[in-house]
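# An overview of the molecular structure
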Amino acid sequence: MKNVERMLWKLAIIQFIFLLVAQFIVSHSSLAPYIVKVVHYEGVMKNSETKTIETFDQR
C-alpha cells in the first residue's frame, strides 16, 4: 500500500509541475497567440465589428 501511495504522490507532484509550466507558457504574452487557439475561435483577435440584427419589435 505504501508503494501505491508513494507513486500517487509522485504523480501528483509531476502533474503540479506540468500545470505550472503550462500556465507560464500560456500567460507569457509573446507565446500565447501561437499556442492558445481559443482566441481565434472566439474572434477576439479580429479588429472588425460585427453587424447586430435586432429581432424584437420596438413599439
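Residues numbered from 1 in each chain as written. Predicted model: local features only at pLDDT ≥ 70, side-chain atom pairs only at ≥ 80, totals over all residues. Heavy atoms only, no water.

From N to C terminus, the protein chain includes three helices and zero strands. Walking the protein chain from its N terminus toward its C terminus, one meets helices and strands in the order α-α-α. Within the protein chain, buried positions represent 2% of all 59 residues. Carbon and sulfur atoms provide 64% of the accessible area of the protein chain, an area that totals close to 6500 Å². (Helix = DSSP H or I, 4+ residues; strand = E, 2+ residues; numbered from the N terminus. Buried < 20%, exposed > 50% of the residue type's maximum accessible area, 1.4 Å probe, protein only. Areas by Shrake-Rupley, 256 points an atom, 1.4 Å probe, with all protein chains shown as cover.)

This brings us to a nonpolar patch on the surface. A cluster of nonpolar side chains, namely Trp9, Ile13, Ile17, Val21, Phe24 and Ile25, defines an oily patch on the protein surface of about 630 Å² accessible area. Mapping isoleucine 25 onto the fold places it in helix H1 (residues 2–27). (Patch = residues over 30% accessible without salt bridge, like charges linked within 9 Å, V, L, I, M, F, W, Y side chains within 5 Å. Salt bridge = Lys/Arg side-chain N within 4 Å of Asp/Glu carboxyl O.)

This part is about the confidence of the model for the protein chain. When pLDDT is averaged across the protein chain, the result is 76; 49% of the residues are at 70 or more. For the protein chain, per-element mean pLDDT is lowest for helix H3 (residues 38–42), which scores 60, and highest for H1, which scores 92. (pLDDT = per-residue confidence, 0-100.)

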